[in-house]
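# Topology and contacts: notes
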Amino acid sequence: MNSRLVTEIGFGAIVAAAVLLWLGSRLYPKKIPPLTTVLAGLMRKRSARIALVLAWWWVGWHFFVQN
Amino acid sequence: MATPERHAADYPRSRLVVDLPVAALFLTSLAHWIRGAPADGVVFAGAAVLLLVTERHGTASDAFVATPPARLPGASLIVAVALVALVFGRQTVPMFLTVVALGVGALVVEWREPSLPARPVPRRGRLWAALAISWCLWELVSFVYEQAAGGLSLTHPTMSDLVDPMLANRAVQALALGVWTAAGLALLRAASAARRVA
């Protein structure tokens, strides 16, 4: 198994875990809180809102503007 | 049965001295400096310093919660932004102006709103946090390995190295930019919803 495959499996596992967590929160919202519920709790704080908005903005900046 | 009304004083105050989001912004700034993107580092450090200044005043009173939510654009904005990608493509001046305008607009909307009294986050909400931290750590490990191998992205690719080739086509760029804009709008809506809950 080469190093590229290991890296790709790692990213793939995280994406799969995200999908499973999302499905779990849809099927069992009382056991696994939906992401929107968690975000609503976190985003009452201005610093959390700014950090999340900046993280979102940077993704667009990095992939669509930066060379 | 009606739920009893709760006020700011009813919620427990955080015992943390360090503001975790501000600390995360400083750490991200440092990571950008290390990866050779000082301009990105300045943006994150600048935001962290500004937050330290603006957050000195603490949280807003309960009266603020009654403020009507800001109106956000919807599908029209997503289509307009996707069209910019379709017509001009990425790494162009129109794309630069679009992404900067969206980012500045979102930051201004959120910066104008003060912090509200904290509410407890569900315990299992930590699963989402663990997922985000796992992604950051795996990206960091990939980056360190890539640098140790002399910057060989073929053998030790970061997430950027894996995603970048997929964005060669303008139709994919338009789709991706539309999804990115929709995610940003969803984030602003979640923030607006958080403000409406007392």
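Residues numbered from 1 in each chain as written. Chains lettered and ligands numbered in written order. Predicted model: local features only at pLDDT ≥ 70, side-chain atom pairs only at ≥ 80, totals over all residues.

On to the overall build of chain A, then. The secondary structure content of chain A amounts to three helices and zero strands. Along its sequence from the N terminus, chain A presents helices and strands in the succession α-α-α. Computed over the C-alpha atoms, the radius of gyration of chain A is 16 Å, more than 25% above the 11 Å expected from 2.2 N^0.38 for a compact globule of 67 residues. Judged by the C-alpha coordinates and their principal axes, chain A covers about 40 × 35 × 15 Å. Relative to its full complement of 67 residues, chain A shows a buried share of 39%. (Helix = DSSP H or I, 4+ residues; strand = E, 2+ residues; numbered from the N terminus. Rg over C-alpha atoms; globule rule 2.2 N^0.38 Å. Buried ≥ 20, exposed ≤ 12 C-beta atoms within 10 Å, placed from the backbone.)

Here we take up the interface of chain B and chain A. Taken together, the 57 residues of chain B in the interface contact 44 residues of chain A. Secondary structure elements with two or more residues in the side of chain B that touches chain A: α1 (20-34), α2 (38-54), α4 (93-112), α5 (126-148), α6 (159-163) and α7 (170-196) of chain B. Broken down by element, the residue count for the side of chain B that touches chain A peaks at nine residues, all from α7(B). For the side of chain B that touches chain A, a count of residues per class yields 39 nonpolar, ten polar and eight charged. (Contact = placed C-beta atoms within 7 Å. Nonpolar A, V, L, I, M, F, W, Y, C, P; charged D, E, K, R; others polar.)

Residues and elements named next belong to chain B. Relative orientation of the contacting elements helix α3 (residues 75-88) and α7 amounts to 150°, with a least axis distance of 8 Å. It follows that α3 is roughly antiparallel to α7 by the angle criterion. Once α3 is placed against α7, the crossing between them reads as right-handed. Contact residues: α3 offers Leu77, Ile78, Val81, Ala82, Ala85 and Leu86, while α7 offers Arg170, Ala171, Gln173, Ala174, Leu177, Gly178, Thr181 and Ala182. Here the residues of the contact of α3 with α7 sort into ten nonpolar, three polar and one charged. (Axes fitted to C-alpha atoms, helices over the stretch in contact; angles between N-to-C directions. Parallel < 35°, antiparallel > 145°, perpendicular 65-115°, else oblique. Left-handed = near helix turned anticlockwise from the far one by under 90°.)

Examined at the domain level, chain B breaks down into domain 1 (17-58) and domain 2 (67-114 + 141-198). For domain 1 of chain B versus domain 2 of chain B, the separation of C-alpha centres amounts to 19 Å. (Domains from an automatic or database assignment.)

At a minimum axis distance of 11 Å, the contact between helix α3 (residues 46-64) of chain A and α2(B) shows a crossing angle of 165°. What the angle tells us is that α3(A) and α2(B) run roughly antiparallel. Judged by the twist between their axes, the crossing of α3(A) over α2(B) is right-handed. Here Ser47(A), Ile50(A), Leu54(A) and Trp58(A) of α3(A) come into contact with α2(B), specifically with Asp40(B), Phe44(B), Ala47(B) and Leu51(B). Taken together, the residues of the contact of α3(A) with α2(B) sort by class into six nonpolar, one polar and one charged.

All right, on to the nonpolar core then. Core analysis: the biggest nonpolar cluster contains 40 residues, and Met43(A), Val53(A), Ala47(B) and Leu177(B) have the highest contact counts within it. Sorting the residues of this core by element identifies α2 (35-42) and α3 of chain A together with α1, α2, α3, α4 and α7 of chain B as the ones contributing at least two each. Looking at this core, the element that brings in the most residues is α3(A), giving ten residues. Residues within four places of Leu177(B) in sequence aside, it is in contact with Phe64(A), Val81(B), Ala82(B) and Ala85(B). (Core = buried A, V, L, I, M, F, W, Y, C linked by C-beta atoms within 7 Å.)

Below, the discussion takes up the domain arrangement of chain A. Each assigned domain of chain A is listed here: domain 1 (1-32) and domain 2 (34-67). On a C-alpha basis, the centroid separation for the pair domain 1 of chain A and domain 2 of chain A is 20 Å.

The next point concerns the environment of Leu86(B). Residue and element names in this part refer to chain B. Looking at where Leu86 falls in the secondary structure, it is placed in helix α3. The exposure class of Leu86 is partly exposed, given the 15 C-beta atoms found within 10 Å. Considered as a pair, Leu86 and Ala171 are 85 residues apart in the sequence and their alpha carbons are 6.0 Å apart. Not counting residues up to four positions away in its chain, the partners in contact with Leu86 are Arg170, Ala171 and Ala174.

Helical geometry: 3.6 residues make up each α-helical turn, so side chains three or four residues apart lie on a common side. Taking 1.5 Å per residue, 15 residues should reach 21 Å; α1(B) reaches 21 Å between its end C-alpha atoms and fits that length. Those residues of α1(B) not exposed but buried are Pro21(B), Val22(B), Leu25(B), Thr28(B) and Ser29(B). Around the axis of α1(B), the buried residues are gathered within 115° of arc, so they sit on the same side. Next to the buried residues of α1(B) lie α3 of chain A together with α2 of chain B. A positive backbone phi angle near 85° is found at Gly36(B), which sits one or two residues after α1(B). (Expected span 1.5 Å × (residues − 1). Arc of directions from axis to C-beta.)

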